[in-house]
Amino acid sequence: MSSTERALRPCFASVAVPVPLGHALTYLVPPELVGVLRPGARVVCTLGARRVVGVVFALGDAPPGLALERIKPIGGVLDPEPVLPTELLAFLGELAEYYLAPIGEVLRLALPAVEREQVRSLEEQGVLAHGERVGGGKRRVGGRLVQFARPTERCEPPGKLRGQSAALLALLRASGERSVTELETRFSNARAALRTLAEQGLVALERRPAPVAAAELAEAVRDTPPELTPAQLAAVARIDGALAARFSAGASGSAASPAAPPSDAPGAEPLGFLLFGVTGSGKTEVYMHAVARTLAAGRGALVLVPEIALTPQLLGRFRARFGDAAALLHSDMAESERYRMWQRLRSGELRVALGARSALFAPVADLGLVVVDEEHDGSFKQEEGVRYHARDMAMLRAHRAGAVVVLGSATPSLESVALVRRGRLAELDLPERAHAAAALPAVEIVDLRRHRAGPTGHRLLTTPLHRAIEQTLGRQEQVILFLNRRGFSPSVVCSSCGTVVSCKSCSVALTFHQRRGGRLMCHYCEFTTALPERCPDCRVGELTLEGLGTEKLEDAVAEAFPTARVGRLDRDVASGARSERVLDKLRRRELDILVGTQMVTKGHDLPGVTLVGVVNADAALSMPDFRAAERGFQLLVQVAGRAGRHDRPGRVVVQTRDPSHPAIRFAASHDVRGFLAHELADRRELRYPPWSRLALLRVEAASEQVARAAALELATRARATEAVTRGDVEVLGPAPAPIARLRARYRFRVLLRARARPPLRFVLQSLAPVRQALDRSVRSVFDVDPVSML
């Protein structure tokens, strides 16, 4: 074909638009944009009767079968340069395909909030006219106004609030002011609900410049890298060798081919490393050496942590080592600040991105290293919207970019251990703590069936635990008490008829919160109500507060040790990056005892803590989930790892009614490998991951009958597919979900199980038309590789 013929031939663009479609749409590229438009740029398109902003995914010929005369032209280009680099764009396409997610929604994950706000504003103003070029050149971000919502002092709403209005008001009253964009990530109808609340005088909406985070402004004192232990040196050498090999391969044009996703079949080349190190073994120091090697080679690095609360601590360490080379990214940041970091990464000004799950999509230039700290943590799985797993997708992104991936944990996930056994990850061991004087803490098991209540009178504060706290305070050392139940009492029970006061919209008990004015609260839909004087069922019996929550534990400990300074850390006190304030008080020795939920278990270095008390180890082990033992074990080991990390010996007291449970036995002896072998054997026998692949089909509707019928239809059609009839895929269900009703909707589920991905994917794709044809009142979710089974 001649150059003249090529110039006259129509060019088409595959554009991802923000609608729930599993594929991109095709548009004609106007002649004036041919040769100018590139993949990754945002464009204005016509979709039905409205104009939308999409992202160009690919350029080329029109797909076969499309009537060319019906293909609409692109209306305009928003960006002189693509906003998404080629490597990231290709990765996002694979993510959408793997999780059967709408490509437009996936691409939105990689665009910063300010970009989305700008597009929405332009659309609302009607600025995006046909053929108009908008947004050229650099955008001014400084001084941008961000909308915030805060609760007013007006106590009760005029009339009864329902749905998201009630949930939003409860959240704002509990946690204070939030940005509207942040609320939109949690509530699908946040703006309309906030307008309703504002009209009733219950919420105030205000636009003002977003504050710059203290973590960005704080001056970091440069540190000197410590002397590494022999195990750390060996790990660093292995990672350095892999980095050098990847970088030299990339320079010679022989980097890993992106033709196929990374296989987990035995015998393939390892994708990266599993850094298996006990708590306090210095995994972060190994990460920083790897980042330094990556930066020295002119490449970029991405470091993921499971919780926003861990990012300020990690940023402090990275800034002390690398200065201002690192960008912080997480959902608690102001939109303008996040946008500023995004732009500096996109331009290559910053080469390192640190953050929680969403930082996976950071536009790091020339990506050479991906680190996933605490890779076992379930927080890496997104449970709303696009349900991706950041750890798994971090491995894919590293593979596509020709980068090295390092997963780190003291309690590795069974999935990662299986990858090591198959040769897909190479294991690096850090068997001892980095500080020579810091041994793993001694663990004492307290059998709650035999020990009575201690001096406080509460059965979950036994005499052994009370004495351990007393001795620790006597040595002027600090204590952490772990209880994974927030509130004052987890349930309220009628003393006459035995009724448990439950949420009207969810099949769960309401929790009594003393600190919230003595109100009952649902931890799922945020519904709150006053504590009734009598049983709402029999109208006669008195209500009693049952069980122990963190509020009640805090009061009991403060009463038992009146001279001790007692603090609490749970979602009611602080969430996200704000939890660092509480932990800083502990580091500054302004607290003697910290009571907390699992927020106290993850990765924090607290030098003064020598005693950890696990108040009720059984709570995590009793969940209706095949991963309950694994999660319970990880929690026990991680929280125990907060004790004695420096020059003072640590001690852990674990209270349980089942001392013989494998998770407790192996945790008490710090035998992580023993537990992994035991659990892998159990999973193999029951055919659960990592020995199988799962997809969970979740169905919900306001009508129980409609929801049940929809789940049955999916299960029936799944069983009729070829992959199921020949035995490659197993269909379990339909069955009610463990939480059968949530936010006034009945929930059912169907579980698909297979030995390999391809047949499972075939069944899911076959069910796509069935899903589209379900009753319009039904919401359905296809969760690939589910983590939460509730």
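Residue positions are given per chain, counting from 1 as you read along its sequence in written order. Residue-level local features of this predicted model are given only where pLDDT is at least 70; pairs of side-chain atoms are given and counted only at 80 or more, and the full residue set underlies all totals for whole chains, interfaces and linings. Hydrogens and waters are ignored; side-chain quantities use all the structure's heavy atoms.

### Side note on the overall build of the chain
Next, step 1: By definition, any uninterrupted DSSP run of H or I lasting at least four residues is a helix, any uninterrupted run of E lasting at least two residues is a strand, and each is numbered from the N terminus. Of the regular secondary structure elements, the chain holds 25 helices and 30 strands.
Next, step 2: Counting over 790 residues, the chain shows a buried share of 53%.
Next, step 3: Only heavy atoms matter for contacts: two residues are in contact if any of them lie within 4.5 Å across the pair. Relative to all contacts within the chain whose residues are 6 or more apart in sequence, the contacts with residues 24 or more apart total 76%. Think of it in three bands: with a 1.4 Å probe and only protein chains considered, a residue is buried below 20% of the maximum accessible area for its type, exposed above 50%, and partly exposed in between.

### Topic: the sheet that holds strand E19 (residues 511-513)
Next, step 1: For two strands to count as paired, DSSP must find a minimum of two bridges between them. One open sheet holds the three strands; their spatial order is E19-E20-E21, and the pairing between them is antiparallel. With partners counted over all chains shown, the strands left at the sheet margins are E19 and strand E21 (528-530), one partner each. Pairs of neighbouring strands in the sheet enclose a mean axial angle of 35°, with direction left out of account.
Next, step 2: Bridge count for strand E20 (residues 519-521) against E21 is three bridges, and the pairing is antiparallel. Residue pairing in the sheet places Met521 in a bridge with Thr528 of E21. Note on definitions: angles span 0 to 180 degrees between N-to-C directions of axes, and those axes are lines fitted to C-alpha atoms, for helices only across the stretch in contact.

### Observations concerning the confidence of the model for the chain
Next, step 1: One confidence number per residue, pLDDT, is output by the predictor and ranges from 0 to 100. A residue-level look at the chain finds 87% of positions with pLDDT of 70 or above and a mean pLDDT of 84.
Next, step 2: Low confidence marks residues 127-144, where pLDDT is under 50. Its contacts with residues over four positions away, or in another chain, come to 47 contacts.
Next, step 3: Note that pLDDT drops below 50 for residues 212-218; the model gives that stretch twelve contacts with residues more than four away or on any other chain.

### Details of helix H24 (residues 757-766)
Next, step 1: Inspection of H24 places Pro759, Leu760, Val763 and Leu764 among the buried residues, and these make up the whole buried set. All buried residues of H24 project into a common sector of 140° when viewed along the axis, lining one side. In this context, the arc is that of the directions from the helix axis out to the C-beta atoms.

### Observations concerning the pattern of salt bridges
Next, step 1: A side-chain nitrogen of Lys or Arg and a carboxyl oxygen of Asp or Glu constitute a salt bridge if their distance falls within 4 Å. Scanning all chains against the criterion turns up 42 salt bridges.
Next, step 2: We note a salt bridge from Arg651 to Glu444, for which the minimum N-O separation is 2.9 Å. In this pair, Arg651 sits in strand E26 (residues 651-656) while Glu444 sits in strand E16 (residues 442-447), placing the two residues 207 residues apart along the sequence.
Next, step 3: A relative accessible area of 28% places Glu444 in the partly exposed class.
Next, step 4: Here Glu704 ties to Arg708 by a salt bridge, and the two come within 3.2 Å at their closest N and O atoms.

### Regarding the nonpolar core
Next, step 1: The definition of a nonpolar core used throughout is a set of buried Ala, Val, Leu, Ile, Met, Phe, Trp, Tyr and Cys residues joined through side-chain atoms within 4.5 Å. With 113 residues, the main nonpolar core has Leu84 and Leu752 as its most contacted residues.
Next, step 2: Within the second largest apolar cluster, 38 residues are counted, among which are Phe276, Ile480, Val612 and Phe675.

### Digging into the side chain of Gln638
Next, step 1: Locating Gln638 in the fold gives a position in helix H19 (residues 628-640).
Next, step 2: Nitrogen and oxygen atoms within 3.5 Å of one another constitute a polar contact, given that in protein one can donate a hydrogen and the other can accept it, and given that sequence-neighbouring residues count only through two side-chain atoms. A distance of 3.5 Å separates the side chain of Gln638 from the side chain of Glu374, its partner in a polar contact.
Next, step 3: Apart from residues lying up to four places away in sequence, Gln638 is in contact with Thr279, Glu374, His376, Ser409, Ala410, Thr411 and Thr601.

### Observations regarding the sheet that holds strand E13 (residues 367-373)
Next, step 1: Pairing within the open sheet is parallel, and its seven strands lie in the order E11-E12-E10-E13-E14-E9-E15. Either end of the sheet is taken by a strand with one partner, and the two such strands are strand E11 (326-329) and strand E15 (425-430). Put simply, the sheet's adjacent strands are angled 20° from each other on average, direction ignored.
Next, step 2: Where E11 meets strand E12 (residues 352-355), four bridges bridge the pair, whose relative direction is parallel. Pairing of Ala327 across the sheet is with Ala353, part of E12.
Next, step 3: Taken strand by strand, helix H14 (residues 414-421) contacts strand E9 (272-277), strand E14 (404-409) and E15, and its axis lies near 110° from that of E15.

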